[in-house]
Amino acid sequence: MRNLRYLLYIAILIVLLTLPIYTGVYLLNVMDMILIYLALALSWDMLVRSGQISFGMAGLFGVGGYAAALLHLNAGVNPIFSIVLGGLAAGVLAWLIGMAVLQLRGMYFAIVTLALAEIFRLIVRNLPDLTGGPEGTVLPSSIFAGNSTKTYWLVLTVAAVSVMASEIFRRTRIHFALTSIRNDEIVAKSSGIDVFKYLVFIFVITSAIQGIAGGAYAHIYGFVSPEGSFSVDFTLLPIAMALLGGMHSTWGPVVGALLLGVASEFLKLKIPYGHLLVYGLIIVITILFFPQGIVGTIGQKLKKTHTA
Amino acid sequence: MAILKTENLTRLFGGLAAVNHVNMEFRENEILGIIGPNGAGKTTFINVIAGIYLPTEGKIFFNGQDISELQAHKRCRLGIGRTFQLVRPLQGLSLHENVMVGSLFGKGLSQREARKKAEELCEFLGLSDITRDITRMTALEIKKMEIAHALATQPKLLFLDEVMAGLNSDETMEMIDLVRKIHSQGVTIGIVEHVMRVIRELTDRVVVLDWGEVIAEGPYAEVSNDPRVITAYLGEEA
Amino acid sequence: MNVFGKLKQSNYQIAIISVILAIILAAWKPHVLVEGIQRACLYAVIALPMALILGIVGIINLAHGDFMMLGAYFAYFLNVYTGMDPLVAIFPALLAFFLIGIATYRAIIKYVLGAPELNQLLLTFGLAMVMEQLANLLWTSRPIKLPLKYVSASATFGSFTFGTFEFVYIGAAIIVLTGLLLFLKRTSTGQAALAVGQNPRGAKLVGIHVDRTYLLIFSLSIALVGAIGAIFMTRHSIFPLVGAPFTMKSFCLIAMAGIGNLTGILWCSLILGLAENFVLSFRGYAGWADLLFFALIVLVIMIRSRQRQVK
């Protein structure tokens, strides 16, 4: 049984890697966006597993984007390296914020993250000398000179990193720590878990992933701006994806990202201004009617038939 | 030799002293009973020792080390374990995994070692043939899982907070035997109980709390006849 | 008794700070003082209903500011189709949004009351998004404004002029605050609501109808914030996202004052209103004024974080 699963994974990986061979530029670009959102959705879910919600993904995504773009532009840093540094910047920022704020949890933390995106956007907006102000900054060229295959592989790597991180969080003792903290912090503490340290750790790692995704996005589109890089899209859509697909798992956000990613392409064509509304509705409906998401609900149904 | 000593331990909530200048000693390898009427501060006392609350005044010494300001998870790693009155099994984890949490973090074992230890503990407590989901376990089984979880951290001092609550006569006898088994492994035990039979059979000494203060101390036979204790439980003579 | 003592202390401290600030400003930049107070009362009157829901029903309504936005559009269309003055529209708004509150509670909020806090946050977040996007679809993002004559009324005092219409906000804040305090402390329904807020299970045991209380408080809050939207509409141009920042700012005020401290919200909003206007008065720093609130909320939560560390 296990061998079959590994074969399946390898097959999927091969298909994904060789996608550029038999698909056109349009599809690759669609996949680019889906994969970036997938990374964001996974990183959001990883934090949720600890019981905390972040509404600040757009903030860290934008910080990573600006860091990567500005480092490349002003310091001549190699694009790929600048993306990594973008992730680092986001991670460091998250560390500072986490250390300051994570003694409080739940809604206080969530509201702080909500403020984050706004704060970073405003700071960036108000420092035109450094960041190009409200109009943003254009990069001299897109990464890889716009070669869609290489761009795709870059994004695939980012997504793969987030999938790996998610799986590491599922298979190592981190899984136990997160689940305990999520269930009951006092029990977790009494079991020897340093709750604060773990929460800061999770927040930093997930923020770094968001920063890397932001850096990749900035280089692919060759452009950073306060409204574009910190757009609420980057918070709203990943949350909808993770919820729809099913929280607390790797497959959940992946399924959600694929479904919503494909759907959003259609939506953008049919209802050019309504797609954000749909995502909001998805969040509301999912929370009300099937908070486990698709993967979660299927998982529960399977469990029930097994133990009948 | 005192494994745990509290000096003038006080914990205030607003103006209320839930733990009021308590001086208590746990001698190594004894079973100490902690009794008192409802609201006397027994669980709060455990919470302060375990580090869930920091003391407002006073000190706690564990094996001679001052742990009064130490964080809860560090106290756990030093060897203080406890169970919870209202058992909340960790959802999303299986029975063994629930127990493993204690080993992984309280003792720092690897996953494989922790799994083995969890299996050993479950057998020790009579939980090994349970394959059901934790949501389908009986009250007794969940309580045993609680204890297994606490034991997984390999405590030197273990607090059992009303583990007998809600058990019938047979189950209580089983639990008493279990506590004796744990004790025979060299664990010092502090047991909070309302069921006096358990206290009478298990404990070497008893401490009585009322309104956060120690009002009596000694073997059960003495304490149960102490007029102050009787008044605390039953109220004044009219 | 001791708890009340502490509470009064923090209120006193905040009150003293704001009074000192006020005196300094009166001498240095008087129009900052006046405008700051006016703006502060606007923030306060929006924050108070949110505090009500948070304190009693126990959930945070991330769509709070968006209900205000809806109230503003409601008053606008009422004016366009019936010529009703927005200040008069407060009354139909109160009614309409009370009903909207009932509907929202019954259809949506009720279901997540028992769920983990995560679900509540996500639900109201989704709701906020839906409301904003719906407004965007229906009415586009183009800002609209009513050309009302009386909003530009002003008075001159010595060498400086200030708007007098904005005193409406001060009036509204005082009315809402005293109204709520009277309701909660003097009426039996209000006292029941306080009881439910402190201990829902206990309240149920003594026969208080918890669900009905939640329904009432939630709808009352929505009604208030919808009516405030009508007032807001008179002086500001509105657009779908106009309400969102107020959600954040309201939460900031509640976090500063502490949950359950309604009077404290007024004092805290004074400090923030004055500070914001102060920054705005320096040319070229307009962009930073908005940041102030957000930075403050992070600061406040940091401080509370430290306090929490003492367990």
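Here the structure is a predicted model, which is why all the values come from computation and not from measurement.

1. What about the overall build of chain A?
Scanning chain A for helices and strands turns up 16 helices and two strands. Over its C-alpha atoms chain A spans a radius of gyration of 19 Å, differing by no more than 12% from the 19 Å that the globule rule assigns to 308 residues. Burial status across chain A gives 56% buried among its 308 residues. Taking all contacts inside chain A whose residues are at least 6 apart in sequence as the whole, residues at least 24 apart take part in 78%.

2. Let's talk about the interface of chain C and chain A
Taken together, the contacts link 36 residues of chain C with 36 residues of chain A. Listing elements by their share of the side of chain C that touches chain A, those giving two or more residues are helix H4 (90-112), helix H5 (117-139), helix H10 (244-257) and helix H12 (286-309) of chain C. When its residues are assigned to classes, the side of chain C that touches chain A shows 25 nonpolar, seven polar and four charged.

3. Regarding the pairing of strand S9 (residues 205-210) of chain B
All names here are of chain B. Burial analysis of S9 places five of its six residues in the buried class, the great majority of the element. Bridge analysis of strand S3 (residues 31-35) against S9 gives four bridges, and the strand direction is parallel. When the bridges of S9 are listed, Ile35 appears paired with Val208. Bridge count between S9 and strand S10 (residues 213-218): five bridges; the pairing is antiparallel. The residue bridging Val206 from the neighbouring strand is Gly218, located in S10.

4. Regarding the nonpolar core
If you look at the biggest cluster of nonpolar residues, it comprises 277 residues, and the most contacted ones within it are Ala240 and Ile283 of chain A together with Val45, Ala72, Ile265 and Ile297 of chain C. Per-element accounting of this core gives the leading share, 20 residues, to helix H2 (residues 30-57) of chain C. Excluding anything up to four places from it in sequence, Ala240 of chain A contacts Leu260, Tyr279, Ile282 and Ile283 of chain A.

5. Considering helix H11 (residues 262-280) of chain C
Between its first and last C-alpha atoms H11 of chain C spans 27 Å; for 19 residues at 1.5 Å apiece the expected length is 27 Å, and the two agree. Counting buried residues along H11 of chain C, 15 of its 19 residues qualify, which places the element largely inside the surrounding structure.

6. Some points on the packing of helix H13 (residues 233-245) of chain A against helix H14 (residues 251-270) of chain A
All names here are of chain A. H14 packs onto H13 with a crossing angle of 115 degrees between their chain directions and a minimal axis gap of 7 Å. H13 and H14 meet at a crossing whose hand is right-handed. Counting all contacts with H13, which are made through Leu237, Ala240, Met241, Ala242, Leu244 and Gly245, the residues of H14 involved are Gly252, Pro253, Val254, Val255, Gly256, Ala257, Leu259 and Leu260. When the residues that make up the contact of H13 with H14 are grouped by side-chain class, the tally is 11 nonpolar, three polar and no charged.

7. A few points about the sheet that holds S3 of chain B
All names here are of chain B. The strand order S6-S7-S8-S3-S9-S10 describes an open sheet built from six strands, whose pairing is mixed. Taken across any chain shown, the strands that pair with only one partner, and hence form the sheet edges, are strand S6 (80-82) and S10. Taking the axes of each pair of neighbouring strands and ignoring which way they run, one obtains an average angle of 20 degrees across the sheet. Pairing of S6 with strand S7 (residues 157-161), which is carried by three bridges, proceeds in the parallel orientation. What sits directly across from Gly81, in S7, is Leu158. In this fold helix H1 (residues 42-50) packs onto S3, S6, S7, strand S8 (188-192) and S9, with an angle of close to 145 degrees to the strand it touches most, S6.

What counts, and where the lines are drawn
- Residues numbered from 1 in each chain as written.
- Chains lettered and ligands numbered in written order.
- Predicted model: local features only at pLDDT ≥ 70, side-chain atom pairs only at ≥ 80, totals over all residues.
- Helix = DSSP H or I, 4+ residues; strand = E, 2+ residues; numbered from the N terminus.
- Rg over C-alpha atoms; globule rule 2.2 N^0.38 Å.
- Buried ≥ 20, exposed ≤ 12 C-beta atoms within 10 Å, placed from the backbone.
- Contact = placed C-beta atoms within 7 Å.
- Nonpolar A, V, L, I, M, F, W, Y, C, P; charged D, E, K, R; others polar.
- Pairing = 2+ DSSP bridges.
- Core = buried A, V, L, I, M, F, W, Y, C linked by C-beta atoms within 7 Å.
- Expected span 1.5 Å × (residues − 1).
- Axes fitted to C-alpha atoms, helices over the stretch in contact; angles between N-to-C directions.
- Left-handed = near helix turned anticlockwise from the far one by under 90°.

Worth remembering: the numbers are spatial, not functional.
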